[in-house]
Structures are given as structure tokens and as C-alpha cells.
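Chain by chain, the residues:
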Amino acid sequence: GISLRSQELYLLVFVARYTDLFTTYYGLYNSVLKILYIAITAGIVYIIRGREPICSTYDKEQDTFRHVEFVILPCLVLATLTHFIRGEGSGLDLFTNIQELLWLFSIYLEAVAILPQLSLLRQYKMIENLTGNYIFFRGVYRLFYIINWIYRAYYEYGYRHHYVVYACGCGQ
């Protein structure tokens, strides 16, 4: 089955990463995709939590990964340390500083958001085709993300290289 906890983590990733929706306009395409990521992931969480027939097939007893202690808090601490050690917030106003910190948190969080799903799969003896396909396409998504970085680094003037993005993306 699908881990609700992983879906909640992905929702947190998108909400934290796309706070710039309220401050910066990068274009209609960009804004629409960000809103769709948040809305679709929120919809998935809602359906797993409370819409029949899906919610009755969700097995809470198996989806027990402690995501707050082992994923959210460590990612928040790591993002805060990285943000201040690199000095990324110096010279920025408080709101922009928080926005940068949330973006960094989302990068770390996305790298490990799949852990509750993998933990759930480990507990089952047989993996359903749909779940296997889900994991496979998560990997394909990450591959396209890496291709995007390479393309942007080569063709986009002023592209912001960030070692944390590269390390987390490849590590995922």
C-alpha cells in the first residue's frame, strides 16, 4: 500500500518549498505547476485519510514510521545549521530569511520523504504492482530533476548552484 506518512511529508515539502508563490511571479506555467503539486498532494492525503473506499483500505497499523522524530526534526535542524553556517541569510530581511530556510528544509525533507514508504514496503511480504510502479516513477521523477539541473546549469545564465540540492537529489 501507499504510506500516508510519506504523502504528508511530500505535502510538507511542497508547501515549504513554494512559499515564493506569495512573493515572486516566475510565470503562469511555474505558478500553476506549484499550485498543482500542492493541491494534488493535499488531495491524496485527504483521500487516504477520509474518503471511501480508499480510507478503509489504508492500514494504519503497518504505516508506523515515526516521521516527526526521524525525518522532520532532523531535516529542520540540518537546514537551520546549513543555512547559518553558509551565511545564506546575511543581509536578507526576516521574511526572505525564513523563506530561504524553508526552501532548504524542503530540499533535505524531499530526499528522505520516501523513508516511511520504504519502511511500509519492508513490512509487506509481497509488493503490489501499483506500489512498485509508484516507487519506480518516484525514481524517474528524480532522474528528470537531475537532468533539469544539468540543463539549467548549462543554459540558464545566473543559475544558482547549490551543493545541498545536488547531494540530496543524488542521494535520494
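Residues numbered from 1 in each chain as written. Predicted model: local features only at pLDDT ≥ 70, side-chain atom pairs only at ≥ 80, totals over all residues. Heavy atoms only, no water.

**What about the overall build of the protein?**
Here is step 1 of the chain: The secondary structure content of the protein amounts to eight helices and zero strands.
Here is step 2 of the chain: Ordered by position from N to C terminus, the α and β elements of the protein give α-α-α-α-α-α-α-α.
Here is step 3 of the chain: Against the globule reference of 16 Å for 172 residues, the protein gives a C-alpha radius of gyration of 17 Å, in line with a compact fold.
Here is step 4 of the chain: If one aligns the C-alpha atoms of the protein with their principal axes, the spans along those axes are about 50 × 30 × 30 Å.
Here is step 5 of the chain: Every one of the 172 residues in the protein was classed for burial, and the buried ones make up 37%.
Here is step 6 of the chain: Long-range contacts, defined as pairs at least 24 residues apart, comprise 73% of the intrachain contacts of the protein with a sequence gap of at least 6.
Here is step 7 of the chain: Total accessible area on the protein stands at roughly 10800 Å², and carbon and sulfur atoms take up 67% of it.
Here is step 8 of the chain: Averaging the positions of the 14 positive and the 13 negative side-chain charges in the protein gives two centres separated by 3 Å. (Helix = DSSP H or I, 4+ residues; strand = E, 2+ residues; numbered from the N terminus. Rg over C-alpha atoms; globule rule 2.2 N^0.38 Å. Buried < 20%, exposed > 50% of the residue type's maximum accessible area, 1.4 Å probe, protein only. Contact = heavy atoms within 4.5 Å. Areas by Shrake-Rupley, 256 points an atom, 1.4 Å probe, with all protein chains shown as cover. Lys, Arg positive; Asp, Glu negative; His and termini not counted. Charge placed at Lys NZ, Arg CZ, Asp CG, Glu CD.)

**Quick look at the nonpolar core**
Here is step 1 of the chain: Residues Phe105, Tyr108 and Leu109 are the most contacted members of the largest nonpolar core, which totals 27 residues.
Here is step 2 of the chain: Within the residue set of this core, elements represented by two or more residues are α1 (4-17), α4 (67-86), α5 (94-112), α7 (129-155) and α8 (163-171).
Here is step 3 of the chain: Counting residues per element, this core draws most heavily on α5, which supplies seven residues. (Core = buried A, V, L, I, M, F, W, Y, C linked by side-chain atoms within 4.5 Å.)

**Thoughts on the packing of aromatic side chains**
Here is step 1 of the chain: Evaluated as defined, the whole model comprises nine aromatic pairs.
Here is step 2 of the chain: Aromatic side chains Tyr18 and Tyr37 sit 6.3 Å apart centroid to centroid with 35 degrees between the ring planes, which places their arrangement in the tilted category. Residue Tyr18 is found in the loop between α1 and α2 (28-50), and its partner Tyr37 is found in helix α2; the two are separated by 19 residues along the sequence.
Here is step 3 of the chain: For Tyr18, a relative accessible area of 10% gives the class buried.
Here is step 4 of the chain: Under the relative-accessibility criterion, Tyr37 is labelled partly exposed at 32%.
Here is step 5 of the chain: Feature note: the residues Phe14, Tyr18 and Tyr37 constitute an aromatic cluster, connected by ring pairs. (Phe/Tyr/Trp six-rings, centres within 6.5 Å; stacked < 30°, edge-to-face > 60°.)

**So, a nonpolar patch on the surface**
Here is step 1 of the chain: Judged by side-chain polarity, Tyr25, Leu28, Tyr29, Val32, Leu33, Leu36, Tyr37, Ile40 and Ile44 come together as a nonpolar surface patch covering roughly 910 Å² of accessible area.
Here is step 2 of the chain: Within the secondary structure, Leu28 sits in helix α2. (Patch = residues over 30% accessible without salt bridge, like charges linked within 9 Å, V, L, I, M, F, W, Y side chains within 5 Å. Salt bridge = Lys/Arg side-chain N within 4 Å of Asp/Glu carboxyl O.)

**Quick word on the confidence of the model for the protein**
Here is step 1 of the chain: Mean pLDDT for the protein: 88, with 98% of residues reaching 70 or above.
Here is step 2 of the chain: When pLDDT is averaged over each helix and strand of the protein, the minimum, 75, is found for α8 and the maximum, 96, for α1. (pLDDT = per-residue confidence, 0-100.)

**Here's the deal with the pattern of salt bridges**
Here is step 1 of the chain: With the rule as written, the count across this model stands at six salt bridges.
Here is step 2 of the chain: Across the pair Arg17 and Glu110 runs a salt bridge, and its minimum N-O distance is 2.8 Å. Pair noted here: Arg17 is in helix α1 and Glu110 is in helix α5, with a separation of 93 residues, a long-range link.
Here is step 3 of the chain: Since its relative accessible area comes to 6%, Arg17 is described here as buried.
Here is step 4 of the chain: We classify Glu110 as buried; its relative accessible area is 2%.
Here is step 5 of the chain: Here Arg152 ties to Glu156 by a salt bridge, and the two come within 3.0 Å at their closest N and O atoms.

**Some details on α4**
Given 3.6 residues per turn, any residue in an α-helix points the same way as the ones three and four places further on.
Here is step 1 of the chain: With 20 residues, α4 ought to run about 28 Å at 1.5 Å a step, and its terminal C-alpha atoms sit 27 Å apart, in line with that.
Here is step 2 of the chain: Positive backbone phi, approximately 70 degrees, marks Gly87, located one or two places after α4. (Expected span 1.5 Å × (residues − 1).)

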